[in-house]
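# Descriptive structure summary
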Amino acid sequence: MTTAHAVSAEPPAAAQLSARLSGWVSAIALAQLAALLATSTRYGYHRDEMYFVVAGQHPAMGYPDQPPLVPLITVAMNHLATGSLLALRAPSALVAAATTVMAALIARECGGRARAQVIAAACTASSGFALAVGHFVTTSTFDLLSTTVVCWLVVRAVRRHSGPELLAAGVVTGVGFEAKPQVAFVAIVIVVALALVGPRWPLRSPWLFAGIGAALVLAAPYLIWQATHGWPQFTLAANIGGSAEGGRAGFVPFQLVMVSPVLVPVWLAGLVTSLRGADLRLRFIPVTYFLLAVVYLVGNGKAYYLASLYPVLLGIGAVPTAAWTLRRHPGLRTGLLAAGVVVSTAVSALVALPLPPARHLQGSVIMAINPDQGETVGWPRFVDTVNAAWQAIPAAERTHTVIFTGNYGESGAVDLLGHGLGLPRAYSGHNAFSEWGMPPQATQTLVLGYDGPTDTAPYFVDCHTVGKIDNGVGLDNDEQGLLVLLCRLAGSWTAMWPQLRHYN
């Protein structure tokens with residue numbers, strides 16, 4: 001499709017922007033919201049969701065691996081409707097639907113009429129990344145919205161030559177930072193891109209400095225927490241870098257499937273239009289995208305870190321795409337685009353949402369593309385197995401026994417799902433659990449999350465198996481097949497705790 005002159009260089013009034021969004025945009029966002037809510041109770045908790053609830057029960061200005069906002073939202077929803085996945089995941093579904101609306105607003109800001117707005121919304125709502133992060137609670141969901149809003153505000157600022165949007169962008173950056181710090185990095189790169197390719201007037205605007213100040217004030221609680229705890233977030237980032245999506249080799253290919261392979265031309269049109277279109281004020285968007293891609297690629301960052309830029313590119317790319325559908329053979333072109341959205345919706349829903357029976361996940365393409373699906377299967381059976389092992393310990397010995405796990409998902413499951421069964425709290429050296437105290441000195445330890453006695457050495461000795469994790473559907477996820485061990489600690493918890501703490 002031709003993109004060279006698709007985005008108007010005229011000011012908004014001359015470009016005749018619609019007073020409001022097309023009603024079809026709201027319909028698309030509501031349909032997306034309905035689909036996410038309708039599937040929210042299939043399978044079960046994700047390990048991160050249980051971790052968030054437990055973290056929210058330990059309110060703090062920060063945690064080793066995340067700011068406090070998402071745990072606070074999650075524990076609040078769990079308090080409102082204890083044990084309800086529908087309630088727990090409702091904020092994520094709402095945020096995903098709001099991101100769809102924001103993509104349409106970006107199209108509108110770039111001169112897109114109703115057709116372009118609908119294209120932007122439809123492409124965003126049907127994207128694999130939008131459905132995947134909107135289905136369950138994850139910090140990436142909130143980052144997706146905050147980054148999209150920041151980019152929309154900066155686009156408005158440069159196209160309207162308006163300063164207040166820069167202050168608003170700073171406020172959104174600060175709030176978004178308290179959900180996931182990545183939005184601040186994107187904002188910094190946007191400023192660098194403006195310095196490189198312009199327009200440069202925002203760099204001299206007091207509104208920008210006010211925005212930076214607002215962002216720093218709002219981000220201060222988490223920054224202070226990290227600084228006073230030795231910046232564990234950096235340790236964690238180094239430990240998890242490139243551990244998914246094929247590492248550096250898979251970085252670029254993953255970008256081609258993150259939205260949908262059939263919708264790649266739409267976001268590519270957003271890149272090309274911004275670089276070569278009549279309105280060169282938008283060049284900072286593709287420069288931001290490429291700078292981030294280089295940093296993540298060189299720094300061995302995860303491929304999905306670029307996900308938050310795609311609603312912006314889809315919003316910009318929707319304008320030339322709409323123009324393309326109205327050229328020669330408009331019916332055919334519109335039909336081809338509609339078919340692409342339908343295919344994208346079907347494939348993305350299959351990969352991102354819990355649609356097939358859990359027993360069909362093993363060995364499937366779904367697990368290869370989206371292993372998070374597997375991490376929502378089997379947790380009730382996990383806790384039942386732990387509870388059976390716990391109850392098998394003589395009552396007199398249980399008073400001198402603690403539960404220790406290898407990761408936060410296992411501890412979160414014991415604390416959240418095991419509470420009603422009478423299980424005691426779990427201890428772990430993983431991420432935020434390491435901040436909530438070491439276990440009391442005990443005669444023996446029920447150890448979870450290790451492959452066997454050899455794996456527990458040198459921390460635990462005299463181990464014997466008292467259970468084995470089986471999710472019941474033969475799914476090879478992270479916990480399947482792990483042993484439940486009853487062990488004796490090799491030394492004191494005080495001596496062992498520094499070695500058992502880990503961030504990843």
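Within each chain, residues carry numbers counting from 1 in the order of the written sequence. In keeping with the predicted nature of the model, local features appear solely for residues at pLDDT of at least 70, side-chain atom pairs appear and are counted solely at 80 or more, and the whole-chain, interface and lining totals rest on all residues. The side-chain figures draw on all heavy atoms in the structure; neither hydrogens nor water molecules are used.

## Description of the overall build of the chain
When helices and strands are tallied, the chain shows 22 helices and five strands. The C-alpha radius of gyration of the chain comes to 24 Å, within 12% of the 23 Å expected for a compact globule of 504 residues. The C-alpha extent of the chain, read off along each of the three principal axes, is 80 × 50 × 45 Å. Across the 504 residues of the chain, 58% fall into the buried class. For the chain, restricting intrachain contacts to residue pairs at least 6 apart in sequence, the fraction spanning at least 24 positions comes to 77%. Note on areas: these come from Shrake-Rupley sampling with a 1.4 Å probe, and a residue is covered only by the protein chains present in the view. Carbon together with sulfur atoms contributes 66% to the accessible area of the chain, which is approximately 19800 Å² in total. Strands here mean DSSP runs of E at least two residues long; helices mean DSSP runs of H or I at least four residues long; both are numbered from the N terminus. Within these notes, the globule rule equals 2.2 Å times the number of residues to the 0.38 power, and the radius of gyration is based on C-alpha atoms. Exposure is judged per residue with a 1.4 Å probe applied to protein chains only, and the accessible area is read against the type maximum: over 50% gives exposed, under 20% gives buried, and values in between give partly exposed. The criterion used for residue contact is that any of the two residues' heavy atoms lie within 4.5 Å.

## Topic: the pairing of strand E5 (residues 483-489)
Of all seven residues in E5, six are buried; the element is thus mostly enclosed. For two strands to count as paired, DSSP must find a minimum of two bridges between them. The sheet contact formed by strand E4 (residues 460-468) and E5 spans six bridges and is antiparallel. Counterpart to His464 in the pairing with E5 is Leu486.

## Let's talk about the packing of helix H9 (residues 182-197) against helix H14 (residues 284-298)
The convention used is that axes are lines fitted to C-alpha atoms, helices contributing only their stretch in contact, and that angles between N-to-C directions extend from 0 to 180 degrees. Packing of H9 against H14 leaves a shortest axis separation of 8 Å and a crossing angle of 125°. It follows from the interaxial angle that H9 and H14 lie oblique. Judged by the sense of rotation from one axis to the other, the crossing of H9 with H14 is right-handed. Counted together, Gln182, Phe185, Val186, Val189, Ile190, Val192, Ala193, Leu194, Leu196 and Val197 of H9 and Phe284, Val287, Thr288, Leu291, Leu292, Val295 and Tyr296 of H14 form the full contact between these two elements. Here the residues of the contact of H9 with H14 are counted per class, giving 15 nonpolar, two polar and no charged. Roughly parallel refers to an angle under 35 degrees, roughly antiparallel to one over 145, roughly perpendicular to one between 65 and 115, and oblique to any angle outside these ranges. Two helices that cross are described as forming a left-handed crossing if the nearer one is turned anticlockwise from the farther one by less than a right angle, and a right-handed crossing if clockwise. Here the nonpolar group is Ala, Val, Leu, Ile, Met, Phe, Trp, Tyr, Cys and Pro; Asp, Glu, Lys and Arg are the charged ones; every other residue, Gly included, is treated as polar.

## Concerning the confidence of the model for the chain
The pLDDT value expresses, per residue, how confident the predictor is, ranging between 0 and 100. Mean pLDDT for the chain: 91, with 95% of residues reaching 70 or above. Overall, residues 1-16 carries pLDDT values under 50, and its contacts beyond four positions in sequence, including any with other chains, amount to 43 contacts.

## Re the packing of aromatic side chains
The description of two aromatic rings rests on the distance between their centres and on the angle between their planes. Each aromatic pair joins two rings of Phe, Tyr and Trp (for Trp, the six-membered one) with centres within 6.5 Å, and gets the label stacked for planes under 30 degrees apart, edge-to-face for over 60, and tilted for any other angle. In total, this model carries 22 aromatic pairs according to the counting rule given. Arranged with centres 6.1 Å apart and planes meeting at 45°, the rings of Trp267 and Tyr289 form a pair that is tilted. Note that Trp267 is positioned in helix H13 (residues 264-276) and Tyr289 in helix H14, a separation of 22 residues in sequence. Ring centres of Tyr450 and Phe460 lie 6.4 Å apart, and the angle between their planes is 65°; on these two criteria the pair is classed as edge-to-face. Here Tyr450, found in strand E3 (residues 444-450), pairs with Phe460, found in strand E4; they are ten residues apart in sequence, far enough to count as distant. By the burial criterion, Tyr450 is buried, and Phe460 matches it. Counting every residue linked through ring pairs, the aromatic cluster contains Tyr51, Phe52, Tyr63, Tyr408, Phe433 and Trp436. By definition, being over a ring means that NZ of Lys or CZ of Arg is both within 6 Å of the ring centre and within 35 degrees of the ring normal. Directly above the aromatic system of Tyr427 lies the positively charged group of Arg425, at a separation of 4.0 Å from the ring centroid.

## Things to note about the pairing of E3
Regular strands have side chains that alternate between both faces of the sheet. In terms of burial, E3 is largely enclosed, as six of its seven residues are buried. Looking at chain direction, strand E1 (residues 401-405) and E3 are connected through five bridges and run parallel. Of the residues in E3, the one forming a bridge with Thr401 is Gln444.

## Describing the environment of Leu282
With respect to the helices and strands, the residue Leu282 is situated in the loop between H13 and H14. Distance in space between the C-alpha atoms of Leu282 and Ile316 is 9.3 Å, their sequence separation being 34 residues.

## A few points about empty space enclosed by the protein
Cavities and pockets were defined on a 1 Å grid built from protein atoms only: a cavity is a group of points that admits a 1.4 Å probe but offers it no way out, a pocket is an open group of points flanked by protein on both sides within 12 Å along at least five of seven lines, and a lining residue is one with an atom within 4 Å of any such point. Grid points are joined across faces, edges and corners, and a volume is the space filled by probe spheres set on the points. In total, this model carries one cavity of 30 Å³ or more according to the counting rule given. What the largest cavity holds in volume is close to 50 Å³. For the largest cavity, the full set of lining residues is Glu375, Val377, Gly378, Trp379, Phe382, Ile469, Asn471, Asn477, Glu479 and Gln480. Its residues assigned to classes, the lining of the largest cavity shows four nonpolar, four polar and two charged.

## Points about the environment of Ala307
For Ala307, the position within the fold is in the loop between H14 and helix H15 (310-325). Under the relative-accessibility criterion, Ala307 is labelled buried at 11%. Residues in contact with Ala307, not counting those within four places in the same chain, are Phe129, Leu144 and Met258.

## So, the sheet that holds strand E2 (residues 426-428)
The strand order across the open sheet formed by five strands is E2-E1-E3-E5-E4, and the pairing between neighbours is mixed. Two strands lie at the open edges of the sheet, namely E2 and E4, each paired on one side alone. With direction set aside, neighbouring strand axes in the sheet form an average angle of 35°. Bridging between E3 and E5 involves four bridges; their strand directions are antiparallel. Among the inter-strand pairings, Tyr450 is bridged to a residue of E5, identified as Leu483.

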